[in-house]
Amino acid sequence: MSAADDPLDDVLIGGREKRDIVIVEHDPAWAVRFERERARIVAALGDRALAVEHIGSTSVPGLAAKPIVDIDLTVADPADEDAYVPDLEAAGYVLRVREPGHRMLRTPERDVHLHVCAPGSEWERHHLVFRDWLRTHPDDRRRYQDVKRELAAREWDDMNDYADAKDDVVADIMGRATAPRAPGMGG
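Residues numbered from 1 in each chain as written. Predicted model: local features only at pLDDT ≥ 70, side-chain atom pairs only at ≥ 80, totals over all residues. Heavy atoms only, no water.

Student: Help me understand the pattern of salt bridges, please; the structure alone is not making it clear to me.
Tutor: Working definition: two side chains of opposite charge can pair if their charged atoms are close together. The tally for this structure, following the rule as stated, stands at 15 salt bridges. Across the pair R149 and E25 runs a salt bridge whose closest N-O atoms are separated by 2.5 Å. Separated by 124 residues along the polypeptide, R149 in helix α4 (residues 138-152) and E25 in the segment before α1 (29-45) bring together distant segments of the chain. The salt bridge partner of D172 is R143, with a shortest N-O separation of 2.4 Å. With D172 in helix α6 (residues 167-178) and R143 in helix α4, the pair connects residues that are 29 residues apart, well separated along the chain. Through salt bridges that share partners, R33, E37, R40 and D111 make up one connected network. (Salt bridge = Lys/Arg side-chain N within 4 Å of Asp/Glu carboxyl O. Helix = DSSP H or I, 4+ residues; strand = E, 2+ residues; numbered from the N terminus.)

Student: Looking at this model, I keep getting lost on unusual backbone geometry. Mind explaining?
Tutor: Backbone phi values are negative for most residues with the exception of glycine, while trans is the configuration of most peptide bonds. The phi dihedral of R110 is positive, around 65°, even though this residue is not glycine. Note on placement: R110 falls in the loop between β4 (102-106) and β5 (112-117).

Student: Just to check I follow, could you spell out α1 for this structure?
Tutor: Since the α-helix advances by 3.6 residues per turn, residues separated by three or four positions end up pointing in the same direction. For α1, spanning 17 residues, the distance from its first C-alpha to its last is 24 Å, which sits close to the expected 24 Å at 1.5 Å a residue. Those residues of α1 that sit buried are W30, R33, F34, E37, I41, A44 and L45. In a view along the axis of α1, the buried residues occupy a sector of 100°, so they form one face of it. Among the exposed residues of α1, those oriented more than 90 degrees off its buried face are R36 and A43. Its buried side turned inward, α1 meets β1 (51-55), β2 (69-74), α2 (85-90) and β5. The positive-phi residue at the C-terminal boundary of α1 is G46, with phi of around 60°. (Expected span 1.5 Å × (residues − 1). Buried < 20%, exposed > 50% of the residue type's maximum accessible area, 1.4 Å probe, protein only. Arc of directions from axis to C-beta. Contact = heavy atoms within 4.5 Å.)

Student: Quick question: what am I supposed to make of the environment of H126 here?
Tutor: Its place among the elements puts H126 in helix α3 (residues 122-136). Once the C-alpha coordinates of H126 and M174 are considered, the two residues, 48 residues apart in sequence, prove to be 8.1 Å apart.

Student: Help me understand the layout of surface pockets, please; the structure alone is not making it clear to me.
Tutor: Where empty space is left in the structure can be found by rolling a water-sized probe over the atoms. Quantified by volume, the largest pocket comes out at close to 1200 Å³. Taken together, 42 residues line the largest pocket, and the ones lying closest to its centre are H115, W123, H127, N160 and A163. If you list the elements that add at least two residues to the lining of the largest pocket, you get β3 (94-99), β4, β5, α3, α4, α5 (159-165) and α6. With 7 residues, the top contributor of residues to the lining of the largest pocket is α3. (1 Å grid on protein atoms, 1.4 Å probe; cavity = no way out; pocket = protein on both sides within 12 Å on 5 of 7 lines; lining within 4 Å. Points joined across faces, edges and corners; volume = space filled by probe spheres on them.)

Pasting the structure below:
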């Protein structure tokens, strides 16, 4: 595939970025940072912020992660950027990704990724289920961490390539997280 055929060109504002992938031990300060960002988001949007959730590896105690706090922001319609993007930009976020059903803004320092999705969307459901599963299943948490560390040791042209390389392990874990359970089996 030539650079001209890169599907990320259609969604990444500013193009691909080469960044080192660094995985560090879990830091309880990530939860504090999330609360600060949550307050900033709610101050900017008020009741247009239907939900603000800490997601991703930084939201899972005990899980090593890239030191980037991921946040899911649920709004009525992510495609209606005029309803929320200007206020988030005024609060200091920069629009980075525009794709169907999802927008991503980030801090200029690139240490917070704010994912915008619709209520009940697959995007929202997937991230919350995955987070909650890893919080309560140490074997899968360890497996995911091991894969992340192994992949971080490689050279990547773009952080999105690193994220895509985790797809198989994420799909496997999500299969368990969403599998029907027999009554009394718990989760």
